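Structural overview
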Amino acid sequence: MRDKCGVVGVRFDAEKNRDAAALYIYYALQALQHRGQESAGIAVTNGSCLLSDKGMGLVSDYFSRERLQKLAGYAGIGHVRYSTTGGSRPENSQPYTVTYKGGTIAIAHNGNLVNYRELKKELEAEGRVFNSDSDTEVIAQMLARELIRNDIVEAVKEAMKRLVGSYSLVILIGDKVIGVRDPLGFKPICIGRVDGGYVLASESAAIDTLNGELVRDVAPGEMVVLGDKIESYRLFRCKNHAHCMFEYVYFARPDSIIDGRLVYNVRHKIGETLAAECPTEADIVSPVPDSGITSAIGYSNSSSIPYAEALIKNRYVNRTFIMPVQELRETAVRLKLNTVRSNIEGKRVILIDDSIVRGTTSRRIVDLLRRGGAREIHVRIGSPPIVSPCYLGIDMATREELIAAHKSVKGVEFLIGATSLYYISLDGLVDAIGMPKEDLCMGCLTGVYPIEIPGEKCEDKQMKLNHFVSE
Ligand code: AMP
């Protein structure tokens, strides 16, 4: 499974904009569609009741005009999902709604709880019944339990004390839209202002889409409440953070600003760094579309080697069946990508991609370029080797599947058939992101995780969770 999730929250002034929340959420979710294509959902309130609709597929496929019209309300949340914890099933799609003594709440989550099984057992022992196998339902039930005995701020704080893992949440309680970010700030979430209201979104590109203005990121450990104004509660404060480096490398849109950094600039700098760290003579620099484009531009600008497209992507194919016949399997690859012969024939090509996970993509692409007549293919990768699994929201692959967990750089170079292979250095990546190493989660690159994960190393960063200060 490969995960990316996107969350959105919208709160309008009830007097000015009684019915529009769902439409705004719908557009914002489409702006975040790259974060998850498996299911989509929206929950809104009109002040007296909560209305929700969710289902499998792309936002624009599932939500028809009729479905949206039924979701009239001035406050709401939305979610796009590509599964992490919990399989690909309709009952795992979000937002989750949970009814408790005080009403119904809806919640949507980007991230992954490491201790959800333990929490689920505890809640089941109290008689709570679960409808799904998702960690988000565990958060919803925890919150419902705390809301019975606390006000909203205390309830969120009490629930957060028990949650271990990554979570950027949007929650609808009454007509308040709440945003929460875990104390280490793994996953992004930001606040924006739109005409007549406020927005929460995984990425600022969604706020731009709504013609809004980015106010700021939700801080790690912070809870914000969107009502008639924005209220902020810094519930937990850690000495360091653990922002997911992969958001900058691959997941987020290049036009998003995450924790103060424009992703485009980071990727451009990654390309410049690749050129500086491993100077290579070549005729063209080409990206693997779309993930390598910005870094390839950065590489070309700083090396003065011309940028040219070696490959063209067919944007209308998503998943293809795995075809049993080798000949047809190649057709499936060619359906997604084709070469531009005149750009590669007889040429020395520098090929830029963001990452190598299993090695399958690079191997196929190098093969395509060779068949297209490329003389040399120098593969340059915008992240250091991925050697360990991600437990915090990105299900990249198991350790067995991760090619760099078992092979040296030379071994991977041989396997993918490249003339040469170079990965950006860890320091080069950190420098391109422009944040101290101590504030990034790089568990998949180092095998050292910022929170305790059974069977894995967690060394000193683990201290952060033990030492987080509650205000
Ligand atoms: P692989 O073929 O397994 O080596 O996958 C590497 C390719 O998949 C790269 O071109 C990346 O752009 C892309 N990629 C890396 N991580 C992910 C992910 N978690 N979900 C989807 N695509 C990914």
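Structure's up top.
Residues numbered from 1 in each chain as written. Predicted model: local features only at pLDDT ≥ 70, side-chain atom pairs only at ≥ 80, totals over all residues. Heavy atoms only, no water.

Some words on the packing of helix H9 (residues 263-277) against helix H10 (residues 293-303)
Running from N to C, H9 and H10 point in directions that differ by 50 degrees, and their axes come no closer than 7 Å. In terms of orientation, H9 lies oblique with respect to H10. For the pair H9 and H10, the crossing hand works out as right-handed. Two secondary-structure elements touch here, H9 through Tyr264, Arg267, His268, Ile270, Gly271, Glu272, Leu274 and Ala275 and H10 through Thr294, Ser295, Ile297, Gly298, Tyr299, Asn301, Ser302 and Ser303. (Axes fitted to C-alpha atoms, helices over the stretch in contact; angles between N-to-C directions. Helix = DSSP H or I, 4+ residues; strand = E, 2+ residues; numbered from the N terminus. Parallel < 35°, antiparallel > 145°, perpendicular 65-115°, else oblique. Left-handed = near helix turned anticlockwise from the far one by under 90°. Contact = heavy atoms within 4.5 Å.)

Regarding the sheet that holds strand E3 (residues 50-56)
As summarised here, the arrangement of the seven strands in space is E3-E2-E4-E1-E10-E9-E11, forming an open sheet in which the pairing is antiparallel. Among the strands making up the open sheet, the edge pair consists of E3 and strand E11 (213-217). Recorded for the sheet is a direction-independent mean angle of 15 degrees between the axes of neighbouring strands. The pairing of strand E9 (residues 190-194) with E11 spans four bridges and is antiparallel. By the bridge assignment for E11, Cys190 is matched with Asp217. (Pairing = 2+ DSSP bridges.)

Description of the packing of aromatic side chains
According to the stated counting rule, one finds seven aromatic pairs in the structure shown. Judged by centre distance (5.9 Å) and plane angle (40 degrees), the rings of Phe246 and Tyr250 are tilted. In this pair, Phe246 and Tyr250 both sit in helix H8 (residues 245-251), four residues apart, roughly one turn of the helix. We classify Phe246 as buried; its relative accessible area is 4%. Here the aromatic cluster, defined as three or more aromatic residues joined through ring pairs, consists of Phe246, Tyr250 and Phe251. Taking NZ or CZ as reference, Lys54 lies 4.8 Å from the ring centre of Tyr96, over its face. (Phe/Tyr/Trp six-rings, centres within 6.5 Å; stacked < 30°, edge-to-face > 60°. Buried < 20%, exposed > 50% of the residue type's maximum accessible area, 1.4 Å probe, protein only. Lys NZ or Arg CZ within 6 Å of the ring centre and 35° of its normal.)

Thoughts on the pattern of salt bridges
Tallied over the entire structure, the rule returns 31 salt bridges. Between Arg11 and Asp175 there is a salt bridge, and its shortest N-O distance comes to 3.3 Å. With Arg11 in strand E1 (residues 6-12) and Asp175 in the loop between strand E7 (165-173) and strand E8 (176-181), the pair connects residues that are 164 residues apart, well separated along the chain. A salt bridge links Arg399 to Glu456; its shortest N-O distance comes to 2.9 Å. Remark: Glu456 occurs in the loop between helix H17 (443-446) and helix H18 (463-467) and Arg399 occurs in the loop between strand E22 (376-381) and helix H14 (403-406); sequence separation between them is 57 residues. Because the salt bridges share partners, they merge into one network encompassing Glu122, Glu126, Arg128, Arg145, Glu146, Arg149 and Arg162. (Salt bridge = Lys/Arg side-chain N within 4 Å of Asp/Glu carboxyl O.)

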